[in-house]
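Structural description and commentary
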Amino acid sequence: MVDYTLPDSTTSDGWCVLEGKTAINDKNNFFGKAGSPLTFIILDATECAVEADAKCALEQSGVAMPILWQSQPVQYTEIVQSFRVELPATMTRLRLEVVASGSNACAHAVWLDPKLVGL
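Now for a quick tour of the structure. Being a predicted model, the structure only gives us computed values, none of them experimental.

**Here's the deal with the overall build of the protein**
Within the protein, the secondary structure is distributed over one helix and eight strands. Shown N-terminal to C-terminal, the secondary structure of the protein runs as helices and strands in the order β-β-β-α-β-β-β-β-β. With 119 residues in all, the protein has 35% of them scored as buried. The long-range fraction of contacts in the protein, counting pairs at least 24 apart against all pairs at least 6 apart in sequence, stands at 86%. Surface summary for the protein: the accessible area is close to 7,000 Å², and the carbon and sulfur share equals 52%.

Here it is as structure tokens:
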């Protein structure tokens, strides 16, 4: 999981779309699969306060962050999923997260070329 503070230009008239791809790294995975299926998730983390330990206060209080996009579960390499997500105009923090449904062995998850673009 990683959180990003979005640039000030991320508004309805600036950079308002996040696009890219997700996969399991096939260059660093001898078995060709992760120990269990992985799900890639893009969240609106605007309500998260930055803490000294970089954990979100919402996460600790059990409040859910809005999910903007979620991949299909993937366990094998060479499966690429694309995403194009319109970001809310009021969004200031973005979270990219990968969740393993079981074992995280060989779970070399990669976000491929994520970038902010205009409409």
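**Things to note about the side chain of Thr 22**
Within the fold, Thr 22 resides in strand β2 (residues 17-24). On the basis of relative accessibility, which here comes to 1%, the residue Thr 22 falls in the buried class. Excluding its chain neighbours within four sequence positions, the residues that come into contact with Thr 22 are Phe 40, Trp 69, Ser 71, Ile 79, Val 80, Gln 81, Phe 83, Val 110, Trp 111 and Leu 112.

**Digging into unusual backbone geometry**
One non-glycine residue, Glu 78, adopts positive backbone phi at about 70°. Along the polypeptide, Glu 78 turns up in the loop between β5 (74-76) and β6 (81-86). One non-glycine residue, Asp 113, lies in positive phi territory at about 50°. Assignment of secondary structure puts Asp 113 in strand β8 (residues 109-117).

**Observations regarding the pattern of salt bridges**
By the definition in use, this model includes four salt bridges. Notably, a salt bridge pairs Arg 93 with Asp 3, separated by 3.2 Å at the nearest N-O pair. With Arg 93 in strand β7 (residues 93-100) and Asp 3 in strand β1 (residues 2-5), this pair connects stretches of sequence that are 90 residues apart. Across the salt bridge formed by Arg 95 and Asp 3, the nearest N and O atoms sit 2.6 Å from each other. Residue Arg 95 is found in strand β7, and its partner Asp 3 is found in strand β1; the two are separated by 92 residues along the sequence. For Arg 95, a relative accessible area of 1% puts it in the buried group. Within this structure, Asp 3, Arg 93, Arg 95 and Glu 97 form a network of salt bridges that share partners.

**Here's the deal with the side chain of Arg 93**
Accessibility expressed as a relative area gives 11% for Arg 93, which makes it buried. Here Asp 3 takes part through its side chain, which lies 3.2 Å from a polar atom of the side chain of Arg 93. Polar side-chain contacts of Arg 93 include one of 3.0 Å to the side chain of Thr 5.

**Focus: the sheet that holds β8**
The strand order across the open sheet formed by three strands is β6-β2-β8, and the pairing between neighbours is antiparallel. The open sheet has two free edges, formed respectively by β6 and β8, since each of these has just one partner strand. With strand direction ignored, the average angle separating the axes of adjacent strands in the sheet is 15°. By the bridge criterion, six bridges tie β2 to β6 in an arrangement that is antiparallel. Within the sheet, the bridge partner assigned to Leu 18 lies in β6 and is Val 85.

Cut-offs used in this document
- Residues numbered from 1 in each chain as written.
- Predicted model: local features only at pLDDT ≥ 70, side-chain atom pairs only at ≥ 80, totals over all residues.
- Heavy atoms only, no water.
- Helix = DSSP H or I, 4+ residues; strand = E, 2+ residues; numbered from the N terminus.
- Buried < 20%, exposed > 50% of the residue type's maximum accessible area, 1.4 Å probe, protein only.
- Contact = heavy atoms within 4.5 Å.
- Areas by Shrake-Rupley, 256 points an atom, 1.4 Å probe, with all protein chains shown as cover.
- Salt bridge = Lys/Arg side-chain N within 4 Å of Asp/Glu carboxyl O.
- Polar contact = N/O pair within 3.5 Å; in protein donor to acceptor, adjacent residues only side chain to side chain.
- Pairing = 2+ DSSP bridges.
- Axes fitted to C-alpha atoms, helices over the stretch in contact; angles between N-to-C directions.

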